[in-house]
Amino acid sequence: MQAAELAKTAIRTQLFIQGRWCDAEQGATFPVYDPATGAEIAQVAAGTEQDIDRAVQAARQALQSDAWRRMTPAARERLILRLADLLETHGDEIAALETLNQGKLLPWSQAIEVGGSAQWLRYMAGWATKIEGSSFDLSLAFPPGVRYRASTLRVPAGVVGAIVPWNFPLAMAIWKIAPALACGCTVVLKPAEETPLTALRLAELAHEAGFPPGVLNVVTGDGPHAGAALARHPGVDKITFTGSTEVGRMIGAQCGHDIRRATLELGGKSPVIIMDDMDVAQAVQGAAGAIFFNHGQVCTAGSRLYVARPLYDAVLAGLADIADGTVLGSGFDPGAQMGPMVSARHRARVLGFVDDAIREGGDIVAGGDADDSNGFFVRPTIIANPGGKPLTLLREEVFGPVLTAMPFDDFDEVLRQANDSSYGLGASIWTNRLDSAQHAIDTLQAGTVWVNSHNMVDPNMPFGGFKQSGLGREHGRSAIDAYTELKSVCIAY
Ligand code: NAP
Ligand code: MG
């Protein structure tokens, strides 16, 4: 079967609550599209507050059920491993479904959405049996003769509300679900309205893997209705969100008001700094990958490029060659090198930023336009800003294949410019000089600093933002901390 046909066999369109498919209570649906053609591919249940309420109740019941609460960590580990296996068994169909709905190139859906998700599940499965506390000696002297021992336990955070974006639909969901399940939490997942399909198929596979009903629920719908209802639901103990800083701020304010735990992974405007000792070809490849990967729809996309002046012209020329030569097309087309933006609305937003840059004095070196097909394509775009004008592009997250490039003369000054952002998610420095790399590592205000690489993530490496790029960290031990509460136990004897 052709991949696009295979994808259609995996489409599910109802909500998944308490181990069962159901329509939204109000019966409404919304369309989802193939961004490569603009064609509607399905009508999906539009969940609202009532559906979120049902899902949260199901998650609460599951949390309190013996089937989940008394399950041993080793049994939880086995279930998560089984889900990883099922994801791979159905990998062709799920990767195709992601490409159909999100637009990314099929090999990337296979490698990241399926392969990466399976990797994250397996890594987090291992944590289920390794969650631990500490023990402490206390110095309490009262009442006389009584001694004390204290220790800490990590207990599940409880019902987790997960709200995820459309750039890596399945992988972002797994980044949250895998540690939550490893810690013994239950989950209500709200995928992005643009890309709900792989999350629904995942819920079905989790059921098949043997997770008790209600442990993983998926409510599709839009942010203002389903997402906001989840973020304010009193039955949710913890919200975990990836998306824009604007929405993250609202969710954070709600959680602050309710004193609900929250992990927020928000936007970025990540700098890429190329030092003058770098090989030009390596610098060009690195900078191109940093911005054009996943069509620029990456929270750590390297969208501000600072090049040491002696290399500036050569690096810019190399990047323009790559941008001009990029073949746009459907993610199913093996000849395509870049797919579409996720939606017509997002394409308009990205092109709006390009228009602003032209008005503000940026020079278009490559791209800058859409494509005349029906799909939501934007040509890879490079804007030179040799005079360092204060372009809107340097402040706002575009989330598209749009790079702004600037030369620099002074290392400390470029580090200052790199840090001159409300964001602090990622940053990269490209050099073979240890002192330069170390100085940048020490100085850059970013949750991840890459040296001679960019956008690299691993389940064992903490990920998250400084400043307005977020609160908390995902992955590794940090994720276990994020999905557990710490309980101190004090015993007198
Ligand atoms: P977004 O609005 O922040 O959406 C992220 C998630 O939050 C989606 O599931 C969305 O639902 C939901 N949401 C929206 N409004 C909500 C609300 N009031 N309460 C609770 N949940 C809500 O991002 P977007 O609209 O998809 O994209 C806008 C821009 O955000 C992008 O251009 C990009 O700059 C940035 N972004 C950043 C990331 C990242 O990884 N840091 C990811 C995505 C987008 P619906 O989409 O279904 O309405
Ligand atoms: Mg949205």
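Every residue gets a number counted from 1 within its own chain, in the order that chain's sequence is written. Labels follow written order: the first chain is A, the first ligand is 1, and so on. The predicted origin of the model limits local features to residues at a pLDDT of at least 70 and limits the giving and counting of side-chain atom pairs to 80 or more, whereas totals for whole chains, interfaces and linings rest on all residues. Calculation of side-chain values draws on the structure's entire complement of heavy atoms; hydrogens and water are dropped beforehand.

Trainee: I keep staring at the packing of aromatic side chains and nothing clicks. Help me out?
Mentor: Aromatic ring pairs are defined here through the distance separating the ring centres and the angle between the ring planes. The pairing test for Phe, Tyr and Trp rings, Trp by its six-membered ring, is centres within 6.5 Å, and the orientation test on the planes gives stacked under 30 degrees, edge-to-face over 60, and tilted for anything in between. Taken as a whole and assessed by the stated rule, the structure comprises seven aromatic pairs. Aromatic pair Trp68 and Phe211: ring centres 5.9 Å apart, planes at 55 degrees, arrangement tilted. Here Trp68, found in helix H3 (residues 66-69), pairs with Phe211, found in the loop between helix H8 (197-209) and strand S9 (216-218); they are 143 residues apart in sequence, far enough to count as distant. With centroids separated by 5.9 Å and ring planes inclined at 35 degrees, the aromatic side chains of Phe168 and Phe293 adopt a geometry described as tilted. Only DSSP runs of H or I reaching four residues or more are called helices, and only runs of E reaching two or more are called strands; each is numbered from the N terminus.

Trainee: Explanation requested: helix H7 (residues 169-182) in the structure shown.
Mentor: Three or four residues apart is the spacing at which side chains of an α-helix point the same way, because the helix has 3.6 residues per turn. Relative to the 20 Å expected for 14 residues at 1.5 Å per residue, H7 spans 20 Å between its end C-alpha atoms, a close match to the ideal helical length. Throughout, bend refers to the angle between the axes fitted to the seven residues that end at a position and the seven residues that start at it. The sharpest bend along H7 measures roughly 25 degrees and falls at Trp175, with the proline Pro179 sitting one to four residues further on. Burial status follows relative accessibility: with a 1.4 Å probe on protein chains alone, a residue under 20% of its type maximum counts as buried, one over 50% as exposed, and anything between as partly exposed. Where burial is concerned, most of H7 is hidden: 14 out of the 14 residues are buried. Looking one or two residues past H7, Gly184 carries a phi angle of roughly 90 degrees, positive in sign. What a helix should span is 1.5 Å times the count of its residues minus one.

Trainee: What should I look at first to understand helix H13 (residues 344-359) in this one?
Mentor: Helix length check: H13 (16 residues) gives 23 Å between terminal C-alpha atoms against 22 Å at 1.5 Å per residue, within 8%. Turning to H13, its buried residues number three or more, namely His346, Arg347, Val350, Leu351, Phe353, Val354 and Ala357. On an axial view of H13, the arc spanned by its buried residues comes to 145 degrees, and they lie on one face. Looking at H13, the residues exposed on the side facing more than 90 degrees away from the buried face are Arg345 and Arg359. A positive phi of about 105 degrees marks Gly361, the residue just after H13. Arc definition: it is the arc formed by the directions from the helix axis to the C-beta atoms.

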